[in-house]
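# Geometric and topological summary
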Amino acid sequence: DPDMLDLNRHLAIRRAPAYFALKQDVEDFLYREMELLDERRFEEWLELFAEDLVYFMPMRRNVRHGYHEDDENTKEGQGISWLEEDKWTLTKRVEQIRTGIHWAEEPLSRNCHIVTGVMLADARPDPAAATEVVARSRFIVYQNRGETENYTMIGKRIDKLRRIDTAHGPDWRIARREIILDQNVLLAKNLTAFF
């Protein structure tokens with residue numbers, strides 16, 4: 001599974017000199033994405049996604065020791081998840097927020113996104129000529145709404161990025177994002193923040 005971290009492959013690509021330039025490029029892309037979200041530039045944020053996007057956030061379960069790998073997270077396409085979306089549904093969520101009458105986002109939340117611990121788990125065909133990258137990272141999303149509502153969501157992400165040619169030169173597009181929220185119970189009143 002290319003989305004899983006193969007530590008041996010990670011060590012091999014990490015030692016290649018091109019790895020550091022590629023890692024910086026991916027980090028800059030992810031930081032730019034966070035800036036767009038914090039500035040509520042949602043339409044520009046949507047442009048960072050591939051048309052065949054998979055945007056998935058499983059629910060976390062409390063399971064017995066020894067069952068974590070198979071049962072801690074719900075599976076894509078099976079049962080319930082926090083989010084199982086594509087680019088069309090994300091676009092509809094943005095359009096809903098932009099109406100100005102979205103009950104959970106009127107007034108709009110103030111959000112701060114922090115992404116850190118970016119690690120390239122895979123680069124294909126190789127770091128020097130990568131057209132597809134799997135990047136793992138950690139995130140904090142702070143959400144403040146109204147006067148007293150404050151939520152902090154922390155977790156991990158696995159992003160599959162594809163390099164494409166744009167009018168401004170090569171850039172990345174997110175083809176798949178798996179968001180692992182490190183909460184078993186959602187403590188926020190709603191899930192309107194983007195990750």
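Keep in mind that this is a model prediction, so the values were computed, not measured.

The volume enclosed by the second largest pocket comes to roughly 210 Å³. Looking at the second largest pocket, the residues that line it are Arg32, Leu36, Arg41, Glu44, Glu47, Leu48, Thr166, His168, Gly169, Pro170, Asp171 and Arg173. When residues of the lining of the second largest pocket are traced back to their parent elements, those giving at least two are helix H2 (18-38) and strand E6 (169-181). By residue number, the principal contributor to the lining of the second largest pocket is E6, which donates four residues. Its residues assigned to classes, the lining of the second largest pocket comprises three nonpolar, three polar and six charged.

Another aspect to go through is the sheet that holds strand E5 (residues 149-166). Pairing is mixed in the open sheet, where six strands are placed in the order E2-E1-E6-E5-E4-E3. For this open sheet the edge positions go to strand E2 (81-85) and strand E3 (110-124), each flanked by a neighbour on one side alone. The average angle at which neighbouring strand axes cross in this sheet is 20°, direction not considered. With 14 bridges connecting them, strand E4 (residues 132-145) and E5 associate as antiparallel partners. Paired with valine 134 across the two strands is lysine 160, which belongs to E5. In the packing of helix H5 (residues 87-98) onto the sheet, contacts are made with strand E1 (49-58) and E2, and the angle to E1 comes to roughly 80°.

Before going further, it helps to spend a moment on a nonpolar patch on the surface. A cluster of nonpolar side chains, Ile114, Ile140 and Ile154, forms an exposed patch at the surface whose accessible area comes to about 230 Å². As for its position among the elements, isoleucine 114 is in strand E3. Here isoleucine 114 falls in the partly exposed class, since its relative accessible area comes to 41%.

Within the element layout of this structure, lysine 87 appears in helix H5. Among the polar contacts listed, one links the side chain of lysine 87 to the backbone oxygen of phenylalanine 49, at a separation of 3.0 Å. Those residues within four positions of lysine 87 in sequence are excluded, and the remaining contacts are Leu46, Glu47, Phe49, Ala50, Glu51 and Leu53.

Tracing the sequence through the fold places asparagine 144 in strand E4. Overall, the relative accessible area of 12% leaves asparagine 144 in the buried class. With 32 residues separating them along the chain, asparagine 144 and cysteine 112 place their C-alpha atoms 8.9 Å apart. Excluding residues within four positions of it along the chain, asparagine 144 makes contact with Ser109, Arg110, Glu149 and Asn150. Here the side chain of asparagine 144 touches asparagine 150 through a polar contact of 2.6 Å, side chain to side chain.

With respect to the helices and strands, tyrosine 142 occurs in strand E4. When the C-alpha positions of tyrosine 142 and asparagine 111 are compared, they lie 5.5 Å apart, and in sequence the two are 31 residues distant. Not counting residues up to four positions away in its chain, the partners in contact with tyrosine 142 are Arg110, Asn111, Cys112, Asn150, Tyr151 and Thr152. Among the polar contacts listed, one links the side chain of tyrosine 142 to the side chain of asparagine 150, at a separation of 2.4 Å.

How each quantity is defined
- Residues numbered from 1 in each chain as written.
- Predicted model: local features only at pLDDT ≥ 70, side-chain atom pairs only at ≥ 80, totals over all residues.
- Heavy atoms only, no water.
- 1 Å grid on protein atoms, 1.4 Å probe; cavity = no way out; pocket = protein on both sides within 12 Å on 5 of 7 lines; lining within 4 Å.
- Points joined across faces, edges and corners; volume = space filled by probe spheres on them.
- Helix = DSSP H or I, 4+ residues; strand = E, 2+ residues; numbered from the N terminus.
- Nonpolar A, V, L, I, M, F, W, Y, C, P; charged D, E, K, R; others polar.
- Pairing = 2+ DSSP bridges.
- Axes fitted to C-alpha atoms, helices over the stretch in contact; angles between N-to-C directions.
- Contact = heavy atoms within 4.5 Å.
- Patch = residues over 30% accessible without salt bridge, like charges linked within 9 Å, V, L, I, M, F, W, Y side chains within 5 Å.
- Areas by Shrake-Rupley, 256 points an atom, 1.4 Å probe, with all protein chains shown as cover.
- Salt bridge = Lys/Arg side-chain N within 4 Å of Asp/Glu carboxyl O.
- Buried < 20%, exposed > 50% of the residue type's maximum accessible area, 1.4 Å probe, protein only.
- Polar contact = N/O pair within 3.5 Å; in protein donor to acceptor, adjacent residues only side chain to side chain.

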